[in-house]
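Remarks on the overall topology
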Amino acid sequence: MKEKKGRFQFGQMGGLIILAVFITAFFGIATKGVLLSSQNISNILVSASLNGVIGIGMTFVLITGGIDLSVTGNIIMTSLFLGSMMLLGVPWFLCLLMALVIGSMVGLVNGISIGRFGMVAFVVTMAMNNITSGIGKLYTNGLTQYGFPKIHEIICGSLFGVIPGPVLLMAVVAVLAFIILKYTDYGRQLYAVGGNPKAAWMSGINNRRIIMTAYVISGFLCGLGAVLMTSKLMSASSSMVTATEMDAIAAAVLGGTSLAGGVGTVGGTIIGAITIAMITNGLNLMGVSPFAQQIVKGVIIFAVVAIDSFQKSRRSAE
Amino acid sequence: MAESVLEARDIYKSFGSNNVLEGVSVRFYEGRVQALLGVNGAGKSTLVKILQGVYQADKGDILLNGEKIVYSGPADALKRGISMVFQELNMFGEMSVTENIIGSHRIKTHGMINWKACRQSVRAHLDELGISIDETVQVKELSLADQQLVEIARCVYEKPKILFLDEPSSSLSKAEEEILYRLIRRLKETGICVVLITHKMEEVFELCDQLSVLRDGRVTASGDVAEFDVDRITGDMLGKTVDIFKRSSVTNGNYDKVLMEVQKLGIPRKFEDISFKLYEGEILAFAGLVGSGKSELARALFGVNGVKYTGKILVDGKPYAPSAPYDASAQGIGYVPISRKEEGIFTNFEAKSNISSAMLAKLGFFIDRKKEDDITGRMMEEFNVRPRNLHQNIVNFSGGNQQKIVLSRWIAADKRIVLLDEPTRGVDVGAKQEIYDNLRRLASEGIGIIIFSSETNELLSSSDRIIIMREGKMVKELVTAETTSEEILMYSIAGKEAVKEV
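Residues numbered from 1 in each chain as written. Chains lettered and ligands numbered in written order. Predicted model: local features only at pLDDT ≥ 70, side-chain atom pairs only at ≥ 80, totals over all residues. Heavy atoms only, no water.

**Considerations on the overall build of chain A**
Quick reminder of the rule: By the criteria applied, helices consist of DSSP H or I runs no shorter than four residues and strands consist of E runs no shorter than two, each listed in order from the N terminus. Remark: exposure states derive from per-residue accessible area (1.4 Å probe, protein chains only) relative to the maximum for the residue type, with buried under 20%, exposed over 50%, and partly exposed in between. In this description, contact between two residues means that some pair of their heavy atoms is separated by no more than 4.5 Å. For the accessible areas, the method is Shrake-Rupley and the probe is 1.4 Å, while residue cover comes only from the protein chains on display. In this tally Asp and Glu are treated as negative and Lys and Arg as positive; neither His nor the chain ends contributes. Every charge is mapped onto a representative atom, which is NZ of Lys, CZ of Arg, CG of Asp or CD of Glu.
Per the secondary structure count, chain A includes 13 helices and 4 strands. For chain A, the spread of C-alpha atoms along the principal axes amounts to about 65 × 55 × 35 Å. Burial statistics for chain A: of 318 residues in total, 53% are counted as buried. Sequence separation of at least 24 residues holds for 77% of the intrachain contacts in chain A that already meet a minimum separation of 6. Only carbon and sulfur atoms are counted for the fraction: they give 71% of the accessible area of chain A, which is about 14200 Å². In chain A, the 18 positive side-chain charges and the 8 negative ones have mean positions that sit 4 Å from each other.

Set out below in structure tokens:
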């Protein structure tokens, strides 16, 4: 019976691992090894970092059986507030702290609506996406704010001159999230609530609090994402990020997270985010047009999900 | 002997190293009611799933009207006239009875669905079966028993040759059972072979012509029901003749210490004026048919619907008003729900996490994994869960073992009072006794236990005191050691004692 468990876990991420190896090999050859140069690997990881961070928050929410479509709006609004505060001369650490608070507050509103009042996650977060990006644009009148060398230096510097700041940040978030999901009672309850909400409720678990917290975590990580993007670009604008929620969902789903809830891992999501970044990077190196890139990305996501679901149906047929 | 309509010949099936069926042969005949008996894990469900085309047999043949067939899948089996009513009903609650029964056989005129004709067809069908349910109401509006009848009517509408019923009466009251039995007899007259998968002996003797007993993947007995008696059947099921149910005799109740006191509890249209005391170490039982309000009482005590009742509950002499299950749990109350599949198990979890889901608070923010392993491992031992594998996913356990896991969840959580709603529903005879023994052991440790059950055997063998509910009211309190199943049933059904013959 032990073997069965091992096989099952491989099955969950099996499709992705095969894909990641295949893609690495393909682009490695197609770009004549440029893909695997240390500088390029560093580039890939840096560009995966935002998606990785947001994807982890998304994973928490997806495990509860919900969805967070407000991440793009949240990041834009938080970035614009962050930029404005920096321009007003507020000390940088206070600005960063405020960004995390603002992001979490958006998550809290989502969480209360969905967890406490049982509103539909899809609709609530979609509305919140409009509201937050609207507030950000209104407040800054749609103008781009730029010039924050201080936080760029802090966030985007590199540790020992080797590990870029954003990658380090993603790694720290991933480790913490991994510990929370695997080793804490909160993590266990999260999977329970997503796996069978009624049984969780009947086991004396406070579903509302668990769900609410998941959205706050997602919001908090959006705040962190805003810090990351603002410092990386040294600017904040209403079009600085687009469709981050889709990339985040794609990373999570590639990593084996189930949209039905109850299933998902941090490791899977991180590998998913890196795989997506690698595809984009590889196609760029090959000079493929951005329009064609979109098609390739879509096809790959479709293929992985299809493989996964074939495996599942074969398993259940056994 | 007559030609068999369906025959399983020398069927073998194994899952991994687990041999579930080892050479099973059973024949099913037209116009008969046949019982398929066996304890949980004997292989009944697997056999039925093979006959349904859900699984493929590793070896052996299936013969339909004497011809060997191979199914392409469950839909194929259905098309060939092999139909099944599952324990968990399978209907569209938002749709009407007509829409559910008519299924894909919609009657069309000019390419549009003619609902009037559909309704008439369904009405005629229901009348023929002697079912008086209104064909226009939504299925979710019906009682569980009526839903069951509709489900059977739906299967029969497809004109099956053979109909499998999986524990059809497990959630029905005595009166409702009668209606179901009448329906089954009528089906028999129309020439359908009805196969009952059941644990109820009364059902076997009242309804069935033939029976087959499975044990450990083999047929241990089969033949005319007339040749059997209860002792022989249970002997064949268990492999050794045992006294099925030990009668409850010793009580561990400490009648000086009240654990829970309920005063004039009521929820409009559910139950009213419920007052009782639960003592330390006592096993109190609420008896009553489905619809007597006992399940609702259990849920109210666990705070499932919040504080929406009138009256008062005291625990340890202090007011107790649970706003939600987590609140009740924090105050030392546990509850094993009636519906294992819906409210009990986490299908995304292995056995271990299923057992520990109610005791997480005890394990700390960073889960104490050693403690978790110790406690869950001990639970599996004590409840004799098989296979004894903490890391096996819950869906790979048999129903009875799943129930033991759900039960042990609240025992592991170390609560002072545990409420159990139909704790052995769908559990085989041997496992039942194990569960009762465990409850008794827990009571001896000072835990207060309340069982809500409609099985008289269960009440007699597990409890110290029995309170009988009928139509939302308490009608009688009995001391288990001094009562009989006739007495319990009499109060449950009629609300009064039988007129004794002088």
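**Examining the state of the cysteines**
Residue and element names in this part refer to chain B. Just so we agree on the cut-off: Whenever a pair of cysteine sulfur atoms sits within 2.5 Å, that pair is classed as a disulfide.
The final tally for this structure, using the stated rule, is 0 disulfides over all chains. Distance from the sulfur of Cys-118, which forms no disulfide, to the nearest cysteine sulfur (Cys-155) is 18 Å. The cysteine Cys-155 is free of any disulfide, with Cys-193 supplying the nearest cysteine sulfur at 14 Å.

**Let's talk about the domain arrangement of chain B**
This is how it is decided: The source of the domain bounds is an automatic or database domain assignment.
Under the domain assignment, chain B is made up of domain 1 (4-238) and domain 2 (245-332 + 417-502). Summarising the inter-unit geometry, the C-alpha centres of domain 1 of chain B and domain 2 of chain B are found 33 Å apart.

**Structural notes on the interface of chain B and chain A**
Note the cut-off: Summed over both partners, buried area is the accessible surface (1.4 Å probe) that two parts give up on being assembled. Salt bridges, as used here, are contacts in which a Lys or Arg side-chain nitrogen is within 4 Å of a carboxyl oxygen on Asp or Glu. N or O atoms within 3.5 Å of each other form a polar contact, as long as, within protein, one can give a hydrogen and the other can take it, and as long as residues adjacent in sequence are counted only when both atoms are side-chain atoms. When residue character is reported, Ala, Val, Leu, Ile, Met, Phe, Trp, Tyr, Cys and Pro are called nonpolar, Asp, Glu, Lys and Arg charged, and the others, Gly included, polar.
With 36 residues of chain B at the interface, the matching set in chain A holds 29 residues. In total, about 2700 Å² of surface goes out of reach between chain B and chain A, with carbon and sulfur atoms giving 60% of it. Among the residues chain B hides against chain A, the three largest losses belong to Tyr326(B), Phe346(B) and Arg369(B). Together they make up 21% of the total. For the pair chain B and chain A, the number of links is 2 salt bridges. With a closest N to O distance of 3.3 Å, Lys198(A) and Glu342(B) form a salt bridge. Counting across the chain B and chain A interface gives 12 residue pairs in polar contact (both at pLDDT 80 or more). Among the elements that take part in the side of chain B that touches chain A, helix H11 (residues 340-344) of chain B stands out by supplying 4 residues, more than any other. For the side of chain B that touches chain A, the residue count by class is 17 nonpolar, 11 polar and 8 charged.

**A word on a nonpolar patch on the surface**
All names here are of chain A. The cut-off we apply is this: To count toward a patch, a residue needs a relative accessible area over 30% and no salt bridge; like charges are then connected within 9 Å, while nonpolar side chains (Val, Leu, Ile, Met, Phe, Trp, Tyr) are connected within 5 Å.
Where nonpolar side chains cluster on the molecular surface, the patch consists of Trp-92, Phe-93, Leu-94, Leu-97, Met-98, Val-101, Met-105 and Ile-154 and spans about 710 Å² of accessible area. Here the element with the most residues in the nonpolar patch is helix H4 (residues 92-116); it accounts for 7 residues. Relative accessible area serves as the criterion here: at 35%, Met-98 is assigned to the partly exposed category.

**Considering the sheet that holds strand E9 (residues 162-166) of chain B**
All names here are of chain B. Under the convention used in this document: Two strands are said to pair when DSSP picks up at least two bridges between them. In this analysis, axes come from line fits to C-alpha atoms, helices being fitted only over the stretch in contact, and the angle between any two N-to-C directions falls in the range 0 to 180 degrees.
Pairing is mixed across the open sheet formed by 6 strands, whose spatial order is E6-E9-E10-E3-E11-E12. On the outer flanks of this sheet lie strand E6 (82-85) and strand E12 (218-224), each paired with one strand and no other. With strand direction ignored, the average angle separating the axes of adjacent strands in the sheet is 20 degrees. Bridging between E9 and strand E10 (residues 193-197) involves 5 bridges; their strand directions are parallel. Counted as the bridge partner of Leu-165 is Leu-196 from E10. Together, strand E3 (33-37), E6, E9, E10 and strand E11 (210-215) form the strand contacts of helix H1 (residues 44-51), whose direction differs from that of E3 by roughly 130 degrees. The strands touched by helix H5 (residues 144-157) within the sheet are E6 and E9, with E6 carrying the most contacts at an inclination of about 175 degrees.

**Quick look at the environment of Thr265(A)**
All names here are of chain A. Position of Thr-265 among the secondary structure elements: in the loop between helix H11 (244-254) and helix H12 (266-285). Note on Thr-265: relative accessible area 30%, which makes it partly exposed. Expressed as a C-alpha distance, the spacing of Thr-265 and Phe-60, which sit 205 residues apart in the sequence, is 8.8 Å. Separated by 3.2 Å, the side chain of Thr-265 and the backbone nitrogen of Gly-268 make a polar contact.

**Describing the confidence of the model for chain B**
Residues and elements named next belong to chain B. Our working rule: A residue's pLDDT is simply how confident the predictor is in it, with values from 0 to 100.
Mean pLDDT for chain B: 85, with 93% of residues reaching 70 or above. Predicted confidence is poor over residues 498-502, with pLDDT under 50, and the contacts of this stretch with residues over four places away or in other chains come to 1 contact. Reported confidence for the predicted complex is 0.82 by ipTM and 0.75 by pTM.

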